[in-house]
Amino acid sequence: MAVPESIVRRVGKLREAIERHNYRYYVLDAPTISDAEFDALFRELQELEAQYPKLATPDSPTRRVGAPPLEEFPEVKHATPMLSLNNAFADDEVVAFDRRVRELLEGREVEYAVEPKLDGLAIGLSYENGAFTQGATRGDGYTGEDVTANLRTIHAIPLRLHTPQPPGSLEVRGEVIMRKRDFARLNEHQRADGHKEFVNPRNAAAGSLRQLDSRVTAGRRLTFFAYGVGIAEGGEVPRDKHSRLLDFLEALGFPVPPERKVVRGADGLLAYYREVGRKRDKLPYEIDGVVYKVNDLRSQKELGFVSRAPRFAVAHKFPAEEAATELLDIQVQVGRTGALTPVARLKPVFVGGVTVTNATLHNEDEINRKDVRIGDTVIVRRAGDVIPEVVAVVPEKRPKGARKFAMPGKCPECGSRVERPEDEAVARCTAGLYCPAQRKQALLHFASRRAMDIEGLGDKLVEQLVDTGLVKTPADLYRLDLDAVVKLERMAEKSAANLLAAIEGSKKTTLARFVYALGIRNVGEATARDLARHFGRLDAMLEADQAALMEVTDVGPVVAASILRFFAEPHNRKVIEQLRSRGVTWDEGAPRRPAAKGPVAGKTVVLTGTLPHFTRDEAKAIIEGAGGKVTGSVSKKTDYVVAGADPGSKYDKAVELGITILDEEGFEKLINKGS
Ligand code: IVH
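Bear in mind the structure is a predicted one, so any value in this text is a computation, not a measurement. (Residues numbered from 1 in each chain as written. Predicted model: local features only at pLDDT ≥ 70, side-chain atom pairs only at ≥ 80, totals over all residues. Heavy atoms only, no water.)

Chemist: Before we move on, can you summarise the overall build of the protein with the specific residues and values?
Modeler: Check the secondary structure of the protein and you find 25 helices and 24 strands. Rg of the C-alpha trace for the protein: 34 Å, well past the compact-globule value of 26 Å for 675 residues, more than 25% over. In terms of principal-axis extent, the alpha carbons of the protein reach across some 95 × 70 × 55 Å. Relative to its full complement of 675 residues, the protein shows a buried share of 47%. Pairs at least 24 apart in sequence give 67% of the contacts found in the protein among residues at least 6 apart. (Helix = DSSP H or I, 4+ residues; strand = E, 2+ residues; numbered from the N terminus. Rg over C-alpha atoms; globule rule 2.2 N^0.38 Å. Buried < 20%, exposed > 50% of the residue type's maximum accessible area, 1.4 Å probe, protein only. Contact = heavy atoms within 4.5 Å.)

Chemist: Tell me about the sheet that holds strand 13 (residues 313–317), and name the residues and values.
Modeler: Pairing is mixed in the open sheet, where five strands are placed in the order 2-13-10-3-9. Unpaired on one side and paired on the other, strand 2 (87–88) and strand 9 (261–264) mark the two borders of the sheet. Bridge count between strand 3 (residues 111–118) and strand 10 (residues 287–294): seven bridges; the pairing is antiparallel. Counterpart to proline 116 in the pairing with strand 10 is valine 290. Contacts from helix 3 (residues 91–105) reach strand 2, strand 3, strand 10 and strand 13, with the element oriented near 170° to strand 13. Here helix 9 (residues 265–279) sits on the sheet and contacts strand 3, strand 9, strand 10 and strand 13; the angle it forms with strand 9, its principal contact strand, is near 140°. (Pairing = 2+ DSSP bridges. Axes fitted to C-alpha atoms, helices over the stretch in contact; angles between N-to-C directions.)

Chemist: With reference to specific residues and values, describe the environment of histidine 21.
Modeler: By the secondary structure assignment, histidine 21 is in helix 1 (residues 5–26). Relative accessible area serves as the criterion here: at 12%, histidine 21 is assigned to the buried category. Linking histidine 21 and alanine 315, residues 294 residues apart in sequence, is a C-alpha distance of 35 Å. Those residues in contact with histidine 21 that lie beyond four places of it in its chain are Thr32, Ile33, Phe38 and Leu41.

Chemist: Got a sec to walk through unusual backbone geometry? Specific residues and values, please.
Modeler: One non-glycine residue, serine 307, lies in positive phi territory at about 40°. By secondary structure assignment, the location of serine 307 is in the loop between strand 11 (305–306) and strand 12 (309–310). Residue classification places serine 307 among the exposed positions, given a relative accessible area of 74%.

Chemist: Explain the packing of helix 12 (residues 436–447) against helix 13 (residues 459–467) to me, using residue names and the numbers behind them.
Modeler: Following both chains from N to C, one finds helix 12 and helix 13 inclined at 135°, their axes separated by 10 Å at the closest point. One element, helix 12, and the other, helix 13, form an angle in the oblique class. The hand of the helix 12/helix 13 crossing is right-handed. Where helix 12 abuts helix 13, its residues Arg439, Lys440, Leu443 and Leu444 lie against Asp459, Val462, Glu463, Val466 and Asp467. Classifying every residue of the contact of helix 12 with helix 13 by side-chain character gives four nonpolar, no polar and five charged. (Parallel < 35°, antiparallel > 145°, perpendicular 65-115°, else oblique. Left-handed = near helix turned anticlockwise from the far one by under 90°. Nonpolar A, V, L, I, M, F, W, Y, C, P; charged D, E, K, R; others polar.)

Chemist: Run through the sheet that holds strand 7 (residues 169–177), naming residues and quoting values.
Modeler: Sheet architecture is open: four strands sit in the order 5-4-7-8, paired in antiparallel fashion. The strands lining the two open edges of the sheet, one partner per strand, are strand 5 (131–137) and strand 8 (223–233). Direction aside, neighbouring strands of the sheet carry axes that sit 25° apart on average. Docked against the sheet, helix 6 (residues 201–209) engages strand 4 (121–128) and strand 7, running at close to 40° with respect to strand 4.

Chemist: Tell me about the site of the ligand, residues and numbers included.
Modeler: Around the ligand, the structure places 14 residues, and the nearest of them are Glu115, Leu118, Glu175, Tyr227 and Lys293. Within the side chain of glutamate 115, one N or O atom sits 2.8 Å away from a nitrogen atom of the ligand. The protein chains hide 85% of the 530 Å² of surface that the ligand would expose on its own. Listed by contribution, the elements that provide at least two residues to the shell around the ligand are strand 3 and strand 10. The element that contributes the greatest number of residues to the shell around the ligand is strand 3, accounting for four residues. Among the residues making up the shell around the ligand, the classes are represented as eight nonpolar, one polar and five charged. (Near = heavy atom within 4 Å. Polar contact = N/O pair within 3.5 Å; in protein donor to acceptor, adjacent residues only side chain to side chain. Areas by Shrake-Rupley, 256 points an atom, 1.4 Å probe, with all protein chains shown as cover.)

Written out as structure tokens, the structure reads:
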């Protein structure tokens, strides 16, 4: 059956439009139509191709979704070899490179095209008369693997060159990479599906591209950057400068590294190295150095190659961010919030530019997930200023006696009970104020302005007080004497006296400040105030059970559990008693009894949006005054939602759960019913 001319034209138009939008989306990151509009174009093309199979072509955008699996990858002989680069690590090697280039060219300052060295895998892409025909991996440099079907799924690779006059033959070279964000997402999925995670984006890119089933590759979000040309025959291809060659590739629809530049002389090279080095962590993809290329293409030819690397280019590498070493032991460190962090003790290894002997293992789940055992050879990563971490085990190197690790049940610092809430990854020491590791931080918090407000008690002083053993708990502050304080470093008689006066002055406080100062997890200033108002007296608070605590405004099960845990610890009780006996006082009030009767008594109310005549605080005060409780989020336990103008998602949630929603008028009626 002949295909009507109008259909042929429509198919051509659709392909052109889809690829144009594809380019705007994947290469320029600036789409001009919605996903739905794009999908409509795509579906129309799919349907026409199904209806008229004659129209299907290998460069149709519908072919980006992957093809049936291959038995193996056919071999491809590269028309010109894909060579590698010599590396430079130190500045003087770069200076020597520049000197050699100048000597050989018998010239003065040389112009260089400089680019980031992308950490992925090298690929050559062949185009015949503008259509993508074949793509291959580097392999041994002379023969690679034909991964055309997989490359077709990468949206950043144009299936047709963006020019009406393409070269007869063009081979574009560049790097297939996976962006950091897509790598993180892929590993999340791998984890969720119980599959093995990839160690780094390069391995993920390589693993994804070397899939016999291109439908797997299609699901992996790879991308591509062009950095050179293998062969170019026919057509107008720039033959003078490398930088112009990249401009040309960019015009043909290829992404080129946005950080590329042209610089002069060794100084220019080294300045570029430092500039990119500073940006490295913030770039969306991983790079392992920068590449310097003599910009003049005739000079490149003149310089030629030695063995397998060009004399006209060099890779200036950053210090490796990952290295393998032996895991000697796993110890547990207690952080300032009581979090227990397993730390790997390592055989010293040079990584990220420094010698590393410790690396974090994050938490117990991470250790189990990565199956890390003591004695293993592990991959350690140190990127920028980030704390070094163990990212993976090298399973082939596991020795016979490798030992599993178990989280201790007692805090290694103070011997108190360790607890790990069911839905949390972090195990914590329950000792709070008593645990020396947490002591300094707890003391600083205790003394802070919004807590007990002890002026002059800062980091340096707390450090000394704790290290000399003078102060173990906040209660010890209240029995410091002048003799002891004066002996501390940089403490004159006058400043010692000032400190003691500030401590003395802090004794008279409020219950709210006192509760906040204790540093109970999840109890901030506002909650401390609510607790103080609700219970009036500290003893009432200490006696409260979970249900009693949850009657307090905004106290839910998590906060209530934190409070209970804190007060259940005998050390904490003791410190509180000592504080009281050493003179810390406040005015105790009567507990604020919920109004026994009335329609709002004992009810839970959520406020959302802006009410015409009440502020949020006023409405809250009215509800609480009537014995109700105001909470922050809507749940099945919510009785009423009071919604003003522009209500948020709480309104939707209330509708969904079928909870009574009141406007201001309804709210006033409800309140007034009781009186
Ligand atoms: S040019 C003849 N430019 O580094 C030189 N290579 O060790 C051809 N690479 O196999 C390479 N970014 O995989 C060049 N901007 C860049 C690069 C780059 C990464 C990789 C490429 C190559 C290896 C050379």
